[in-house]
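Fold and geometry: a report
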Amino acid sequence: MNPAERLLLAAKRCEIDNLEHLATTCEIVGDISRFIHALQKERGASNVYLASRGERFADHRQERVEECLQTERIMRQRLDTLASDGSRPAAGARLLGRIARVWYALDSLGALRGHIETLTITADEATLTFNRLISGLLSVVFDAADTAGDPEITHALVAIFHFMQGKELAGQERACGAIGFTAGGFDTPHRRLLRHLVDAQQRCFDTFAEFATPQARRRWHEGLPPRTQAGVQQLREMAGSDIPRPDTRRSLGETWYELTTRRIDAMKRVEEALADELSAMCRDKIAVSRQEMADLVALRATLTSNGSSPPMCQQLVDLFDGEPCHELGILTANAVDSQLNRSLIELMQVQASRLQALGDELETTRKALRERKLVERAKGLIMAHQEMTEEEAYRFLRKASMDQSKSMAAMARSILDLSDILQKRRL
């Protein structure tokens, strides 16, 4: 085996090594997902317990604490492996630093539970502490997506991050609603917070849909029980109006908690499927790379393969075939194809790849701006024709997009297109 072949094998081993470490990172994301879900349930139960001054959900809250401790132990074992592993870590320095800060924050959970148990903390203060911890855990997922080297896996990580973030906002909505419904009414700050959480959820799920695979998007749209969603929406509207009337048969706080928990549990099933899809993607890529490394004949062929299309300079020569500049083009091609200029070509290719990546990022930004403009135009149209405020128009547009399983931008485009058709008919 000559040096070029040995280098190519070493490159394949490095590729497999990177994929295996990336697979480990994705497993950590799965553990974090399960722990966050347990924390979200504990937070919701704790809010009902605190808002009722310990009269409701005492046993239920204790069950959620036990579940949380179990998932925390599993997650800590996985994270501890990163710290004790002598090989190259499964993540970069920034990701490891983020994990270290989250580990430190986890140690304060015991004190928080003690304050909740003794009712020496308010529901809002407890919620804020839970929110900060979950935010730190979500940052680990974000850094995992930011440091992933494989484009397809990066897309999957970005999708699962935004889905987890949307689910966390749904959990915060459950906690906020539990406070208001259990207390018998919502003050202005809590009512405003509830509206903000609903809007922010939709933005996260829109971004998830942009990066997710078609199977993941279909699973999300089919996963939410319509009756549960309708019940949550009814209570949302009740919370946004006057103080709700007490339910003589059952506490509205418990009804709200049950309905929103069903909704979040449905999200959890989608989230688990996303994590499984991510792990399967890593395994498949590792298997393909190992198979390619084992096929030495095909591996050697890549050393001499020039691809299906002619070299860049040859394309220029062919373009001007038969013209006066044809001979000059041949001289240029020969000069650039010489051994002396191979490094220059590689440098140009790297630079072209970077420019392409910047162009793709710019196009993504432009797309987001175009979609934002569509939403703003549709909001203006709804405000003018329905005599709504800007906030009411946004909620109307968001509800329409959810009912029809469309993104906000797609729904806005449909409204604008319909308006154009109606105006033309009047003319």
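Residues numbered from 1 in each chain as written. Predicted model: local features only at pLDDT ≥ 70, side-chain atom pairs only at ≥ 80, totals over all residues. Heavy atoms only, no water.

Section: the environment of valine 29
One can find valine 29 in helix α1 (residues 3–51). Residue classification places valine 29 among the buried positions, given a relative accessible area of 2%. C-alpha of valine 29 to C-alpha of leucine 157: the two residues are 128 residues apart in sequence and 8.8 Å apart in space. With near-sequence residues (within four places) excluded, valine 29 lies in contact with Val141, Ala144, Leu157 and Ile160. (Helix = DSSP H or I, 4+ residues; strand = E, 2+ residues; numbered from the N terminus. Buried < 20%, exposed > 50% of the residue type's maximum accessible area, 1.4 Å probe, protein only. Contact = heavy atoms within 4.5 Å.)

Examining the packing of aromatic side chains
Taken as a whole, this structure holds seven aromatic pairs when the rule is applied. The interplanar angle of 55° and the centroid separation of 5.4 Å between the aromatic rings of phenylalanine 163 and phenylalanine 205 together place this pair among those described as tilted. Taken as a pair, phenylalanine 163 in helix α6 (residues 151–183) and phenylalanine 205 in helix α7 (residues 188–211) lie far apart in primary sequence, 42 residues in all. This pair shows no difference in class: phenylalanine 163 is buried, exactly as phenylalanine 205 is. Between phenylalanine 181 and tryptophan 256, the ring centres sit 5.4 Å apart and the planes meet at 40°, which makes this aromatic pair tilted. Pair noted here: phenylalanine 181 is in helix α6 and tryptophan 256 is in helix α10 (residues 252–294), with a separation of 75 residues, a long-range link. Judged by its relative accessible area of 4%, phenylalanine 181 is buried. Given the relative accessible area of 0%, tryptophan 256 is considered buried. Among the aromatic side chains, those forming a connected cluster through ring pairs are Phe163, Phe205, Phe208 and Trp220. Just above the ring of tyrosine 49 sits the side chain of arginine 61; from NZ or CZ to the centre is 5.4 Å. Lying over the aromatic face of tryptophan 103, arginine 76 brings its terminal NZ or CZ to 4.8 Å of the ring centre. (Phe/Tyr/Trp six-rings, centres within 6.5 Å; stacked < 30°, edge-to-face > 60°. Lys NZ or Arg CZ within 6 Å of the ring centre and 35° of its normal.)

Examining the packing of α6 against α7
Between α6 and α7, whose axes approach to 8 Å, the crossing angle comes to 160°. With respect to their mutual orientation, α6 and α7 come out roughly antiparallel. Regarding α6 and α7, the two cross each other, and that crossing is left-handed. When its residues are assigned to classes, the contact of α6 with α7 shows 16 nonpolar, nine polar and two charged. (Axes fitted to C-alpha atoms, helices over the stretch in contact; angles between N-to-C directions. Parallel < 35°, antiparallel > 145°, perpendicular 65-115°, else oblique. Left-handed = near helix turned anticlockwise from the far one by under 90°. Nonpolar A, V, L, I, M, F, W, Y, C, P; charged D, E, K, R; others polar.)

A word on the environment of glycine 171
Counting through the fold element by element, glycine 171 comes out in helix α6. A C-alpha to C-alpha distance of 7.8 Å links glycine 171 and lysine 41, two positions 130 residues apart in sequence.

Let's talk about unusual backbone geometry
Its identity is not glycine, yet leucine 119 carries a phi of approximately 60°, on the positive side. Tracing the backbone through its elements, the reader meets leucine 119 in the loop between α4 (109–117) and α5 (123–147). On the basis of relative accessible area, leucine 119 is assigned to the partly exposed category, the value being 23%. With a phi close to 55°, glutamate 387 is a non-glycine residue in the positive phi region. If you trace the backbone, glutamate 387 turns up in the loop between α14 (342–386) and α15 (390–403). Given the relative accessible area of 74%, glutamate 387 is considered exposed.

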